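Okay, here's what each chain looks like letter by letter:
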Amino acid sequence: MKNAGWTSRIMEYILTFMVIITLNFMLPRMMPGDPFLHLSAEGGEEVWAFTAEQRQYFLEYYGLDRPLPEQYVRYVTGLVQGDMGMSYYYKEDVSSIIMRRLPWTLMIVSGATFLSLFLGIVLGSFSAFNRESWKDKSLYLTMIVFSEIPAFLLGIVLLIIFAAGMGLFPLAGAMSHFANYTGWEQIKDVLHHAALPIVTLAMARAGGIYLLVRNTFTTVMGKDYIRTARAKGLSKGRIRYYHALRNALLPLVTRIALQMGAMVGGAVLVENVFAYPGLGRLMREAVFVRDYPLLQGIFLVLAFGVLGANLLADLLYKVLDPRTRGQE
């Protein structure tokens, strides 16, 4: 039974992965135009660059004049061999381009995940312990408002106030140009540039974790073992973060895994607001120039990351809740 359950789960992931690969292939080709019909520039400005003869030559050279099923088979065969293809625009291997940009996106997504988790747990438990008080109601209203604001809009507001207005943070980029920082100075410079994108993503996503922790803690606080802990005279911190938090971990793991997709989607928009050189900004550039292999590679990496987060949540669930181990 256990092996059958895991086999079924693995088959679900394989089927999902095949659907993602098919969508990766089809979506770029559903956009108007093709990579050699025009050359796009910043702001969507289109510049005609190829003659009809040149365009036909490049279509034949890259195999885009072949039937779609044949292109699809070549794409899947390349992926099986670990080849994401060659970028039409950058004339470079797609995997190399993505590997240069991926660390920047991973940094702001992981930073925002930890910060949103910290804020959600601390503020959610605080609200649960002060249920129905003015503190709880004020905090609840604040978190709901922030969670409803799109990440890119929140990023623009923070950019205007703290970067353009007060000058506390850089306006754009991931590090200072021509600075020649090394060691700790370079780390501080990178973190300084990443601060606003991380805070933007965390503020936009902390609301969901806050509500989950608040509701879970409210339920847990009526349990007998919490009353026993209080009767023993344990401190609020120990009751809140040791006894109550342990019972909120299972829904939190599920929430974080489900949130990864939204976090990655938010990162794509936030990177463009802050001109941050991650996969989101690279995707925007690839869309402008209709760079099919680069778009396919970015979509694939992002989708693989979300699937990996869900798989990790499945495994953690087995570790955190022994009752689920015998259900497979």
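Everything discussed here concerns the structure shown above.
The following refers to the structure shown. (Residues numbered from 1 in each chain as written. Predicted model: local features only at pLDDT ≥ 70, side-chain atom pairs only at ≥ 80, totals over all residues. Heavy atoms only, no water.)

Describing the overall build of the chain
Our working definition: Only DSSP runs of H or I covering at least 4 residues are called helices, and only runs of E covering at least 2 are called strands; the numbering of each starts at the N terminus. To be clear on the numbers: accessible area is Shrake-Rupley with a 1.4 Å probe, and residue cover counts the displayed protein chains and nothing else.
Scanning the chain from N- to C-terminus turns up eleven helices and two strands. Element order for the chain, N to C, with α for helix and β for strand: α-β-β-α-α-α-α-α-α-α-α-α-α. Here the C-alpha coordinates of the chain stretch approximately 85 × 60 × 40 Å along the principal axes. When the accessible surface of the chain is split by element, carbon and sulfur atoms take 66% of a total near 18,100 Å².

Some points on helix H4 (residues 94-129)
Defined as follows: Given a helix with a known number of residues, its expected span is that number minus one, times 1.5 Å. To obtain the bend at a residue, axes are fitted to the seven residues ending there and to the seven starting there, and the angle between these axes is taken.
The end-to-end C-alpha distance of H4 is 51 Å, a good match for the 52 Å that 36 residues give at a rise of 1.5 Å each. At Arg-101, H4 shows its strongest bend, of approximately 35 degrees, with the proline Pro-103 following within four residues.

Overview of the packing of H4 against helix H5 (residues 134-148)
The following threshold applies: To define axes, lines are fitted to C-alpha atoms, for helices over the stretch in contact only, and angles between the resulting N-to-C directions are given on a 0 to 180 degree scale. For a crossing to be left-handed, the near helix must be turned anticlockwise from the far one by less than a right angle; the clockwise case is right-handed. Working rule for contacts: check all heavy atoms of both residues, and any pair within 4.5 Å makes them a contact.
Where H4 contacts H5, the two axes come as close as 8 Å, and the packing angle between them is 145 degrees. Both H4 and H5 take part in a crossing whose hand is left-handed. In this structure, H4 contributes Leu-123, Phe-126 and Ser-127 to the contact, and H5 contributes Lys-135, Asp-136, Leu-139 and Met-143.

Brief notes about the packing of aromatic side chains
Condition: Only rings of Phe, Tyr and Trp enter the pairing, Trp through its six-membered ring, and a pair is recorded when the two centres are within 6.5 Å. The plane angle decides the type: under 30 degrees is stacked, over 60 is edge-to-face, the rest tilted. Partly exposed describes any residue whose relative accessible area lies between the buried limit of under 20% and the exposed limit of over 50%, with all areas from a 1.4 Å probe on protein chains only and scaled to the type maximum.
Enumeration over the complete set of coordinates arrives at six aromatic pairs. Ring plane angle 70 degrees and centroid distance 5.3 Å describe the contact between Phe-25 and Tyr-72, whose orientation is recorded as edge-to-face. Taken together, the residues span a long stretch of sequence, with Phe-25 in helix H1 (residues 2-29) and Tyr-72 in helix H3 (residues 68-80) at a distance of 47 residues. Given a relative accessible area of 1%, Phe-25 falls into the buried group. Both rings, one in Tyr-89 and one in Tyr-90, keep their centres 5.1 Å apart while their planes meet at 90 degrees; by these two values the pair is edge-to-face. On the accessibility criterion, Tyr-89 (41% relative accessible area) is partly exposed. Of the aromatic side chains, those joined through ring pairs into one cluster are Phe-25, Tyr-72 and Tyr-75.

Points about the pattern of salt bridges
Definition in use: One speaks of a salt bridge when a side-chain nitrogen belonging to Lys or Arg is within 4 Å of a carboxyl oxygen belonging to Asp or Glu.
Taken as a whole, this structure holds six salt bridges when the rule is applied. Between Arg-214 and Asp-136 there is a salt bridge whose closest N-O contact spans 3.0 Å. Residue Arg-214 is found in helix H7 (residues 183-220), and its partner Asp-136 is found in helix H5; the two are separated by 78 residues along the sequence. Across the pair, exposure class does not vary: Arg-214 and Asp-136 are buried alike. For Arg-281, the salt bridge is made with Glu-285, and the minimal N-O distance between the two is 3.9 Å.

Comments concerning a nonpolar patch on the surface
To keep things clear, this is the line we draw: Patches were defined on residues exceeding 30% relative accessible area and lacking a salt bridge, with like-charge contacts within 9 Å and nonpolar side-chain contacts (Val, Leu, Ile, Met, Phe, Trp, Tyr) within 5 Å.
A cluster of nonpolar residues, Phe-152, Leu-153, Ile-156, Val-157, Ile-160, Ile-161, Met-166, Leu-168 and Leu-269, forms a patch on the protein surface that exposes about 780 Å² of accessible area. No other element matches the six residues that helix H6 (residues 151-165) contributes to the nonpolar patch. Mapping Phe-152 onto the fold places it in helix H6. The partly exposed category is assigned to Phe-152, whose relative accessible area is 38%.

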